[in-house]
Amino acid sequence: MTDTQHIIALPGRALLRLEGPEAKGFLNGLVSNNVTKAAPDHALYAALLTPQGKFLADMFIQEHAGMLWLDVAENRLEDLAKRLKLYRLRAKVEIAAQPGWRAYALIGPGAAQSLDLPEQAGAAGALNGGFACIDPRLAALGARLWLPESESPNLGIPADFAAYEALRLRLGVPDGSRDIEIDKGLLLENHFEALQGVDFAKGCYVGQEVTARTKYRGLVKKQLYHVQATADLPPTGSSISQDGSDAGILLSHDGRQGLALLRNELVAKANAGGAPLLAEGIALQATLPDYAV
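What counts, and at which threshold
Residues numbered from 1 in each chain as written. Predicted model: local features only at pLDDT ≥ 70, side-chain atom pairs only at ≥ 80, totals over all residues. Heavy atoms only, no water. Helix = DSSP H or I, 4+ residues; strand = E, 2+ residues; numbered from the N terminus. Rg over C-alpha atoms; globule rule 2.2 N^0.38 Å. Buried < 20%, exposed > 50% of the residue type's maximum accessible area, 1.4 Å probe, protein only. Contact = heavy atoms within 4.5 Å. Areas by Shrake-Rupley, 256 points an atom, 1.4 Å probe, with all protein chains shown as cover. Lys, Arg positive; Asp, Glu negative; His and termini not counted. Charge placed at Lys NZ, Arg CZ, Asp CG, Glu CD. Pairing = 2+ DSSP bridges. Axes fitted to C-alpha atoms, helices over the stretch in contact; angles between N-to-C directions.

Draft legend 1. Region of interest: the overall build of the chain. Looking only at helices and strands, one finds six helices and 17 strands in the chain. Over its C-alpha atoms the chain spans a radius of gyration of 19 Å, differing by no more than 12% from the 19 Å that the globule rule assigns to 293 residues. For the chain, the spread of C-alpha atoms along the three principal axes comes to 55 × 45 × 30 Å. Here the chain holds 293 residues, and the buried ones make up 54% of them. Counted over contacts in the chain with a minimum sequence separation of 6, partners at least 24 positions apart contribute 67%. Carbon together with sulfur atoms contributes 49% to the accessible area of the chain, which is approximately 13,200 Å² in total. If you average the places of the 28 positive and of the 33 negative side-chain charges in the chain, the two averages end up 7 Å apart.

Draft legend 2. Molecular detail of the pairing of strand S9 (residues 130–134). Judged by how many residues are buried, S9 sits mostly within the fold: five of five residues are covered. Both strand S8 (residues 124–127) and S9 contribute to a ladder of four bridges, which runs antiparallel. Across the sheet, residue Ala124 finds its bridge partner in S9, namely Cys133. Sheet analysis places S9 next to strand S10 (residues 143–148), joined by four bridges and oriented antiparallel. Paired with Ala132 across the bridge in S10 is Leu145.

Draft legend 3. Region of the structure containing the sheet that holds strand S13 (residues 239–242). If you walk around this closed barrel you meet the six strands as S12-S15-S14-S13-S16-S17, and the pairing is antiparallel. Sheet twist, expressed as the mean angle between neighbouring strand axes with direction ignored, is 40°. As paired strands, S13 and strand S16 (residues 277–279) are joined by two bridges and run antiparallel to one another. What sits directly across from Ser241, in S16, is Leu278. Here helix H4 (residues 161–171) sits on the sheet and contacts strand S12 (222–228), strand S14 (245–253) and strand S15 (257–263); the angle it forms with S15, its principal contact strand, is near 35°. Helix H6 (residues 264–271) rests against S12, S13, S14, S15, S16 and strand S17 (282–287) of the sheet, and its axis sits at about 115° to S15.

Below, the structure is given as structure tokens:
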């Protein structure tokens, strides 16, 4: 798959549209990244948190046709829209879902060149009545495209979603609420800084204090790891243990590779030759993703 350019339809994604003269300032006061930097040629990755700094939803943010477009998980769309409207008060911004569009990933060599974009995370532009960007988390994930249903991407060779999942898992990138527990997950446990999803210089946003304290006091005791096994892994959500101690939880995977949220001290112990990490008896090898090292 990696030697060929592939176009892959992405299920379970949805668009939320913010329109109005105060849209950027409004959203910037709520989410973890600096929305004032969003532009037609630059997309961002960000998250909305609870006031206690816990994860609620993540999103790609792109400016197109004078509006902000939020690429979000479809199963988080309704809750996210509701929360944004509660925060809106008198801000001059309209918030609405945008049906009738489809999301795609373009992966493989030359993806950026095919879209006439620089090969750097967040590079963005218009495309066939829609818009596209190099994944703002990690350029190695390829490009993200949004097109009206009437338009076809006409790029690459079609491939199944499993090809995109294999790439994402190999790179160790979490997929929103599939891998980050709502009302519980912390950004820095899930590498949001390394994935360019949090700006520590932007000032206040919801949950900012807890996120900053976690960073500056070095309070991250568990993290997202890439895990590999020599046998098929048990179901997502399975507990991972080490010598009878709770080590963490298995997240999304595609058989023998996947992600897990694990206690740093126990991963270090296992990798130093101590007792192995076990998921329902299956031994795991856990490593930090390359981008997070």
